[in-house]
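Inside the fold
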Amino acid sequence: MSTQVTGTLDAHDAAGRPRDHDHKPRGLARWLFSTNHKDIGTLYLLFSLAMLFTGGSLAMVIRAELFQPGLQFVDPHFFNQMTTVHGLVMVFGAVMPAFVGLANWMIPLMIGAPDMALPRINNWSFWILPCAFAILLSTLFMEGGAPAAGWTFYAPLSTKYSGDSTAFFVLAVHLMGVSSIMGAINVIVTIWNMRAPGMGWMKLPLFVWTWLITAFLLIAVMPVLAGVVTMVLTDKYFGTSFFDAAGGGDPVMFQHIFWFFGHPEVYIMILPAFGIVSTIIPTFARKPLFGYESMVIATASIAFLSFIVWGHHMFTTGMPVVAELFFMYATMLIAVPTGVKVFNWVATMWRGSMTFEVPMMFSLAFIVLFTIGGFSGLMLAIIPADFQYQDTYFVVAHFHYVLVTGAVFGIIAAVYYWIPKWT
């Protein structure tokens, strides 16, 4: 009996070589074929970092061009291409994959699951991304260059006035959408079905809650983006007139469809950061999070309201006054659950034994600077003021406050906070 036991536990074969119990692939194969949530999380984070540097280098071109009035480094058309590609790379290549990487690493650990629910889909949803961005970035080297329509690729700029690289650009956007939807399905199934016994909904860590809600947003809006870029494609190559007034279409309809995707999308890029900050602040304040349930309700409220405010991007397109007023009040309403969150973070720190490690410092910067972004957004929601702010650098500042000092600071805080656990 004892020899049998020894035989089964022995880690070496007859020739004395170590026996590979789990047959794990090594080297490149490990990374290509991995279905392990930690490996895939690492891949997402590294890919996101590469895209951050890529998008950042495009931003450097934009800033160099704007350094001084009259100073020209690049052709104006190339400048517009940079704006388009910079926006898409940062949104779909840097911010979203970073959050998916954090979700992959942390959600199974936080809910006590052995892995993500759909490990092969997990692998596939990652490997689609490098292909998508290879296609997107390749448009820069095509005749006529990348589409020069801005990251919002408004018609008719994207239908009438862009080169043949538009087809590649649309394919890349479709692939990003497929990746996002598969990742979101994976997150929902994992959280729904694989929580540890006894872990009820109101016991989930806030990061898990924010990601669950984000995943539902992704599934709801990515098909809308797919629809609108397909309409751009058929307008450009197949003779349809969705956005061509001469053929009975409406260019403003593009904006309605795009922003119905685009506004929930900006919450997709910030809700996981709320979850991260709600994890870090209690740790370094040495206190439990203040108002856990109100945080969950606030997150869900923000997600719901995000679907009924898209028109605030379009105040200057000539909407009926009733519609403008509706979108103004609905947008101002989002400030309420967002304010609840900021209040709860501050209340968590109140009379806590705070220490200022790097993740905490990024989280504090997040609260202050994200709030500035939120206030400038509230200013943009006021219709008469928006008529003045429209198409100015005030708007650019607003969304860079929430995206850089919001989403990106959240990601940086998370990496500093969790890297000891990962390594």
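Residues numbered from 1 in each chain as written. Predicted model: local features only at pLDDT ≥ 70, side-chain atom pairs only at ≥ 80, totals over all residues. Heavy atoms only, no water.

**Quick look at the side chain of S278**
Condition: Going along the chain from the N terminus, every DSSP run of H or I of four or more residues is numbered as a helix, and every run of E of two or more is numbered as a strand. Whenever a nitrogen or oxygen atom comes within 3.5 Å of another N or O atom, the pair is scored as a polar contact, on the condition that within protein one atom can donate a hydrogen and the other can accept it, and that pairs from neighbouring residues in sequence are kept only if both atoms are in side chains. Should any heavy atoms of two residues lie within 4.5 Å, those residues are considered in contact.
Position of S278 relative to the elements: it lies in helix α9 (residues 271-285). Side chain to side chain, S278 and W345 meet in a polar contact 2.9 Å long. Not counting residues up to four positions away in its chain, the partners in contact with S278 are L206, L289, M295 and W345.

**Describing empty space enclosed by the protein**
Picture a little ball the size of a water molecule; that probe, rolled over the atoms, points out where space is still empty. Defined as follows: Method remark: on a 1 Å grid restricted to protein atoms, a set of points is classed as a cavity if a 1.4 Å probe fits but cannot get out and as a pocket if it is open with protein on both sides within 12 Å along at least five of seven lines; lining residues have an atom within 4 Å of a point. Grid points are joined across faces, edges and corners, and a volume is the space filled by probe spheres set on the points.
Tallied over the entire structure, the rule returns 2 cavities of 30 Å³ or more. There is about 160 Å³ of room inside the largest cavity. As for the largest cavity, its lining consists of 18 residues, of which M96, P97, V100, S180 and L218 are closest to the centre. Counting only elements with at least two residues in the lining of the largest cavity, the list comes to α4 (76-111), α6 (166-193) and α7 (206-237).

**Focus on the environment of M361**
Threshold: Only protein chains enter the accessibility calculation, which uses a 1.4 Å probe; a residue is then buried when its area is under 20% of its type maximum, exposed when over 50%, and partly exposed in between.
The residue M361 is located in helix α12 (residues 358-381) in this model. With relative accessibility at 47%, the residue M361 sits in the partly exposed group. When the C-alpha atoms of M361 and A413 are compared, they prove to be 8.1 Å apart, with 52 residues separating the residues in sequence.

**Details of the nonpolar core**
The following threshold applies: Side-chain atoms within 4.5 Å are what join buried Ala, Val, Leu, Ile, Met, Phe, Trp, Tyr and Cys residues into a set we call a nonpolar core.
Ranked by internal contacts, the top residues of the largest apolar core, which has 124 residues, are F92, F133, W211 and L225. Here this core gets 21 residues from one element, more than from any other, and that element is α4. When sequence neighbours within four positions are dropped, the list of residues in contact with W211 reads F99, V100, A103, I107, V187, L218 and P272.

**Concerning the side chain of T279**
Counting through the fold element by element, T279 comes out in helix α9. In this structure the side chain of T279 is engaged in a polar contact, spanning 2.7 Å, whose partner is the backbone oxygen of G275. When neighbours within four sequence positions are excluded, T279 is seen to be in contact with F207, Y417 and W418.

**Some details on the packing of aromatic side chains**
Cut-off, in case you're wondering: Between 30 and 60 degrees the pair is tilted, below 30 it is stacked and above 60 it is edge-to-face, where a pair is any two Phe, Tyr or Trp rings, Trp via its six-membered ring, whose centres lie within 6.5 Å. In our convention, an over-ring charge means Lys NZ or Arg CZ found within 6 Å of a ring centre and within 35 degrees of that ring's normal.
One pass over the structure, following the stated rule, counts 35 aromatic pairs. Arranged with centres 5.0 Å apart and planes meeting at 85°, the rings of F258 and W259 form a pair that is edge-to-face. Just as F258 is buried, W259 falls in that class too. Consider the rings of F260 and F307, whose centres lie 5.8 Å apart with planes at 50°: the pair is tilted. In this pair, F260 is assigned in helix α8 (residues 251-268) and F307 in the loop between α10 (292-305) and α11 (321-349), connecting sequence segments 47 residues apart. Taken together, F92, W151, F153, Y154, F169, F242, F243, F254, F258, W259 and F261 form an aromatic cluster joined through their ring pairs. A cation over a ring is seen here: R195 above W201, with NZ or CZ 4.0 Å from the ring centre. The ring of Y237 has K236 sitting right over it, with the charged end atom 5.8 Å from the ring centre.

**What to know about the pattern of salt bridges**
Heads up, the rule is: By definition, a salt bridge exists where a carboxyl oxygen of Asp or Glu is found within 4 Å of a side-chain nitrogen of Lys or Arg.
This model, assessed by the stated rule, comprises 2 salt bridges. Across the salt bridge formed by R30 and D39, the nearest N and O atoms sit 2.8 Å from each other.

**A few points about the confidence of the model for the chain**
Cut-off, in case you're wondering: pLDDT measures how confident the predictor is about each residue, on a scale from 0 to 100.
In the predicted model, the chain carries a mean pLDDT of 94, and 95% of its residues have values of at least 70. A low-confidence stretch, residues 1-9 (pLDDT under 50), is modelled with 1 contact involving residues beyond four sequence positions or located in other chains.

**Some thoughts on the packing of helix α3 (residues 37-65) against α4**
Helix-helix packing: each pair is described by the crossing angle between the helix axes and the interaxial distance. Applicable threshold: Note on geometry: axes are lines fitted to C-alpha atoms, helical ones only across the stretch in contact, with angles between N-to-C directions running from 0 to 180 degrees. If an angle is under 35 degrees, it is roughly parallel; if it is over 145, roughly antiparallel; if it lies from 65 to 115, roughly perpendicular; otherwise it is oblique. Should the near helix be turned anticlockwise from the far one by less than a right angle, the crossing is left-handed, and should it be turned clockwise, the crossing is right-handed. Under this grouping Gly is polar, as are all residues other than the nonpolar Ala, Val, Leu, Ile, Met, Phe, Trp, Tyr, Cys and Pro and the charged Asp, Glu, Lys and Arg.
Interaxial distance between α3 and α4 falls to 7 Å at its minimum, and their mutual angle equals 155°. What the angle tells us is that α3 and α4 run roughly antiparallel. In terms of crossing hand, the pair formed by α3 and α4 is left-handed. Classifying every residue of the contact of α3 with α4 by side-chain character gives 24 nonpolar, 12 polar and 2 charged.

**Focus on the layout of surface pockets**
The calculated volume of the second largest pocket comes to roughly 380 Å³. As for the second largest pocket, its lining consists of 17 residues, and the residues nearest its centre are L45, L46, L49, I411 and V415. Of all the elements in the fold, those that place two or more residues in the lining of the second largest pocket are α3, α4 and α14 (393-422). Classifying every residue of the lining of the second largest pocket gives 14 nonpolar, 3 polar and no charged.

**A word on α4**
Selection criterion: Helix span, as expected, comes to 1.5 Å for every residue beyond the first. What we call the bend at a residue is the angle made by axes fitted to the seven residues finishing there and the seven residues starting there.
Taking 1.5 Å of rise per residue, the 36 residues of α4 would be expected to cover 52 Å, and the 51 Å separating its terminal C-alpha atoms lies within 8% of that figure. Maximal helix bending in α4 amounts to about 35°, located at M90. Of all 36 residues making up α4, 30 are buried, and the element is well covered by its neighbours. Where α4 begins, the side chain of D75 points an oxygen toward the backbone nitrogen of H77, at a separation of 3.1 Å.

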